[in-house]
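Inside the fold
Listed here are the chains, written in short residue letters.
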Amino acid sequence: MNRNRIIVGVLGYVCFSAIIIWLLPRHIVVAEGDFGYVESVAETIRSGHLVRSDWLAPLNLPLTLLSATLYSATGNFYLATAGLALACALANGVLIYVWLRPLLPRHWGGEALAWAAALCPGWLNKAVEFTGVPFSIACTVGALIAWRQRRRWLFLIAFVAAFLNRQNAVCLLAFPAIEAWREWRRTRRIWTHETAMVLFGVFFVGLVSIAIPLSYAERTVALEWAADWSAQRILAQAALGAILCLGIRAGWDLFSGRHPTKLLAANFRSPVIPLLVLCGGAWLLLRTPAELSCQAPGMAPWSGVIVMLSAVLAAGFVDRTRTLPLEALGYVGLMVTLLVIRGAIWDYYLIEPALVLVLRNDGCVCARGAKLLHVATLAACGCYAILLGRHIRLIEERFSAYELGVRSGQVQVSEASVAPYSWLGWKLFHYSQRRASARPDLADFLHYVEQGRSAVVGGRLVTFPSWSGRSIHPSGELWPLPAGYEDRRFPLSNEEWREFLSGKSG
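What counts as what
Residues numbered from 1 in each chain as written. Predicted model: local features only at pLDDT ≥ 70, side-chain atom pairs only at ≥ 80, totals over all residues. Heavy atoms only, no water. Helix = DSSP H or I, 4+ residues; strand = E, 2+ residues; numbered from the N terminus. Rg over C-alpha atoms; globule rule 2.2 N^0.38 Å. Contact = heavy atoms within 4.5 Å. Areas by Shrake-Rupley, 256 points an atom, 1.4 Å probe, with all protein chains shown as cover. Core = buried A, V, L, I, M, F, W, Y, C linked by side-chain atoms within 4.5 Å. Buried < 20%, exposed > 50% of the residue type's maximum accessible area, 1.4 Å probe, protein only. Expected span 1.5 Å × (residues − 1). Salt bridge = Lys/Arg side-chain N within 4 Å of Asp/Glu carboxyl O. Patch = residues over 30% accessible without salt bridge, like charges linked within 9 Å, V, L, I, M, F, W, Y side chains within 5 Å. Pairing = 2+ DSSP bridges. Axes fitted to C-alpha atoms, helices over the stretch in contact; angles between N-to-C directions. Parallel < 35°, antiparallel > 145°, perpendicular 65-115°, else oblique. Left-handed = near helix turned anticlockwise from the far one by under 90°. Nonpolar A, V, L, I, M, F, W, Y, C, P; charged D, E, K, R; others polar. Phe/Tyr/Trp six-rings, centres within 6.5 Å; stacked < 30°, edge-to-face > 60°. Lys NZ or Arg CZ within 6 Å of the ring centre and 35° of its normal.

1. Examining the overall build of the protein
In terms of regular secondary structure, the protein is built from 20 helices and 4 strands. A compact globule built from 506 residues should have a C-alpha radius of gyration of about 23 Å, and the protein, at 24 Å, falls within 12% of that. Taken over the C-alpha atoms alone, the protein extends approximately 70 × 50 × 45 Å along its principal axes. A separation of at least 24 residues holds for 76% of the contacts in the protein among residues at least 6 apart in sequence. On the protein, roughly 22900 Å² of surface is accessible, and the fraction owed to carbon and sulfur atoms is 66%.

Here it is, written out as C-alpha cells:
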C-alpha cells in the first residue's frame, strides 16, 4: 500500500469515527426493538448470572457477558452499553475497510466506496444502537478476513463468537465445507482440516441449540411461521431474498467499473432470464406477502422501490462472466434459506451477504464516471448520517419527555402515543407476554397504547382528550392496562442505573 493510500485511509477512518461518535445517543435510550439487549445486561447484573431477555430471538450471549463484565469493572452502565456499541462500531469500520479494500478499485474511488459501505443507511442505524448486530458483524468480517489469510484457528474462534451472538453465523460453515469438497475432488481425501472444522461446527451448533432453551420470541416467531406457512409464502420469501442478493451483486459490478450499457446488452442477448427476474420483482410487489422491512429511519416508504430497483439491477447489470466463488454462493444460499425460515427480511439482515457478494470484484480500473459515482454514493451516505443524527436527537427528546411525564403523573403509559417503540416494550412487553392468546405477537404490547393521546412539541409533552378508541397496534384493537400494572422506570442517568442494578428501584 503506497503512502497516499495510507493517508487517505487514515483520513477516511477519522471522518468515519467522528460521524459515529456524533451519532451516539447522549444517554442510554432504546428505540427500535433494542430494549431486550439492555434488559439482558441489566438482569444479568442484578441476578448475578447470565440472563437472556424473552424479547430476543438471537442468543446474544457474548455481548451480554462483555457488557456485564465492563459494568463490573467500571460501575458505569452508559460505558458498558453505549460505550461498548461505540467500540464495536469503530472496530467494524476498520474490519469492513480491511475486507473490502483489496476487492475494490485500487484508487481514490475505491477508498470512497469502502467508506460509503461503512456508512450505508441499513448498517449505520444499527452501528449506534446497543444490539448484537455490530458485534456479530465484527465477528463475521473477522472470520472472512481470517479465511482469506488462511488463519483457520482464528476463523473458527470468530465463528464460535459470532454464532453465540446471532445464529445466522452458521452460514460461515459454507467456507470450510466447500474447501473440504474441493480437497476431496482433488485428492480423494475425506479427512482434512476443513472437514474437521465442519464437523466441529455442526456439533457445536447442535449442542448449543439443544442446551439453550427457546425464548418467548423464538417460540412466538415459530408459531407465526407455522400459522402462516404456505408454498406461496416460501416461494415469495426465497424469490425476494434471491432478487435482493442479485441486486446487491449487480451493484458491486457497476461500482467496480463494468460498463452499464455493455452489461445490459450482454444480459438481454438471452432475454428470458432477465424478463423472468423483472416479472418476479413485480409479482413480489403486487401479489405476495413477502416484503423488505426497512428499520433504518426514513427508509421504510422506499422498501418497494428498493425491491424493484434490485430486480432491475439483477435483470440487466449482473456481470455473468465473473461468477462468484462457490464459498460465496454457499454462504448466500444458506443465508437466503434462513431468511425463508425466519419468514421476514429486514434491511440489516442483508449486511453480511452484501459483504460476501463483493468477492471477485478484484480492483479493476474504472472510468472517471465510476469514480464520480463512488464519491456521490459516499456523499449520499454522509447526508443520510445527518438525517439519522436529527432522528436520534428527536428520539432522545421523546424518550426523556415520556419517561419524566410518566414519573410525574402528567401522562400514563397507555397515553404515550408517539413514544419510542422500545421504551413501550420496556414498560409493557412482559404484561402482553403473560396474556393468553391463540396468536401471540411480539408487538402485542402496542394494544395497550391509545392513538392520539399525546405528542412531544419543542421538547414538551402535550396531552389530548381520548377520541379514537383505537390502539397504535396495526390492528387498532385497544386493551386496558392489566390489573395491578406497575410502572417499570427506565433510568435516565448513571446514578439511576446504579440504583436500578442494585435492586433499590424497580
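Right, picking up where we left off after that structure.
2. Quick word on the nonpolar core
Counting residues in hydrophobic clusters, the biggest one holds 141 residues, and the most contacted among them are W99, W423, L424 and W497. Among the elements that line this core, the one with the most residues is helix α4 (residues 77–100), at 13 residues. Contacts of W423, omitting those with residues within four sequence positions, involve V30, F399, Y402, E403, V406, V413, A416 and F490. Grouped together as the second largest cluster of nonpolar side chains are 6 residues, L254, L263, L313 and F317 included.

3. What about helix α9 (residues 174–187)?
Across its 14 residues, α9 extends 20 Å between first and last C-alpha, which sits within 8% of the 20 Å expected from 1.5 Å per residue. Among the residues making up α9, those that are buried are A174, F175, P176, I178, E179, A180 and E183. On its buried face, α9 sits against α7 (133–148), α8 (152–165), α10 (193–211), α16 (326–342) and α17 (351–357). Taken from the residues just after α9, R188 is the one with a positive phi, measuring 65°.

4. With respect to the pattern of salt bridges
Applying the stated criterion to the full structure yields 20 salt bridges. Linked through salt bridges whose partners overlap, the residues forming this network are E403, R407, K427, D487 and E496.

5. Describing a nonpolar patch on the surface
Taken together, W181, W184, I190, L326 and L329 make up a surface patch of nonpolar side chains, about 500 Å² in accessible area. Those elements that place two or more of their residues in the nonpolar patch are α9 and α16. Among the structural elements, L329 can be located in helix α16. Residue class for L329 comes out partly exposed when judged on its relative accessible area of 45%.

6. Some thoughts on the side chain of S215
Of note, S215 is situated in the loop between α10 and α11 (216–228). Under the relative-accessibility criterion, S215 is labelled buried at 3%. Among all residues touching S215, those that are not within four sequence positions of it are R52, S53, D54, L56 and A57.

7. Observations concerning the environment of L264
Structurally, L264 is set in helix α13 (residues 260–267). Note: C-alpha distance between L264 and T187 (77 residues apart in sequence) is 41 Å.

8. A word on the pairing of strand β3 (residues 454–457)
Pairing between β3 and strand β4 (residues 460–463): 4 bridges, direction antiparallel. Each bridged residue has a counterpart across the sheet, and for S454 the counterpart in β4 is T463. Where β3 folds back onto β4 in an antiparallel hairpin, the turn is made up of 2 residues, including G458, whose phi is positive at roughly 60°.

9. A look at the packing of helix α12 (residues 231–255) against helix α15 (residues 303–316)
Close contact between α12 and α15 brings their axes to 7 Å; oriented N to C, the two are set at 60°. As far as their axial angle goes, α15 and α12 are oblique. Note that α12 runs across α15; the crossing there is left-handed. The residues of α15 that touch α12, namely those facing L240, I243, L244, L246, G247, A250 and L254, are V307, S310, A311, L313 and A314. Of the residues contributing to the contact of α12 with α15, the split by class is 10 nonpolar, 2 polar and no charged.

10. Regarding the packing of aromatic side chains
Aromatic rings considered in pairs are described by the distance between their centres and by the relative angle of their planes. For the coordinates displayed, the defined rule picks out 30 aromatic pairs. Ring geometry for Y71 against F77: centres 6.0 Å apart, planes inclined by 75°, an arrangement best described as edge-to-face. Among the aromatic residues, those joined into a cluster by ring pairs are Y71, F77, F399, W426, F490, W497 and F500. Over the ring of F500 we find R46; its NZ or CZ atom is 4.3 Å from the centre of that ring. Across from the ring centre of W184, 4.2 Å away, lies the NZ or CZ of R188, which sits over that ring.

11. Comments concerning the packing of helix α3 (residues 61–74) against α4
In a packed pair of helices, the relevant descriptors are the angle between the two axes and the axis-to-axis distance. The contact between α3 and α4 brings their axes to 7 Å, and the two run at 140°. Classified by chirality, the crossing of α4 by α3 is right-handed. For the pair α3 and α4, contact is made by L63, L66, S67, L70, Y71 and T74 and by F77, L79, A80, T81 and L84, respectively. For the contact of α3 with α4, a count of residues per class yields 8 nonpolar, 3 polar and no charged.

12. So, α16
Taking 1.5 Å of rise per residue, the 17 residues of α16 would be expected to cover 24 Å, and the 24 Å separating its terminal C-alpha atoms lies within 8% of that figure. What α16 keeps buried is the set E327, A328, Y331, V332, M335, V336, L339 and V340. Looking at the buried positions of α16, the neighbouring elements they touch are α7, α9, α11, α12, β2 (345–346) and α17. In the segment just after α16, G343 is the residue with positive phi, at about 80°.

13. Observations concerning unusual backbone geometry
The backbone phi angle of N60 is positive, close to 60°, even though this residue is not glycine. Residue position: N60 is located in the loop between α2 (35–47) and α3. Phi is positive for R150, which is not a glycine, with a value near 60°. Note that R150 resides in the loop between α7 and α8. With a relative accessible area of 57%, R150 lands in the exposed category.

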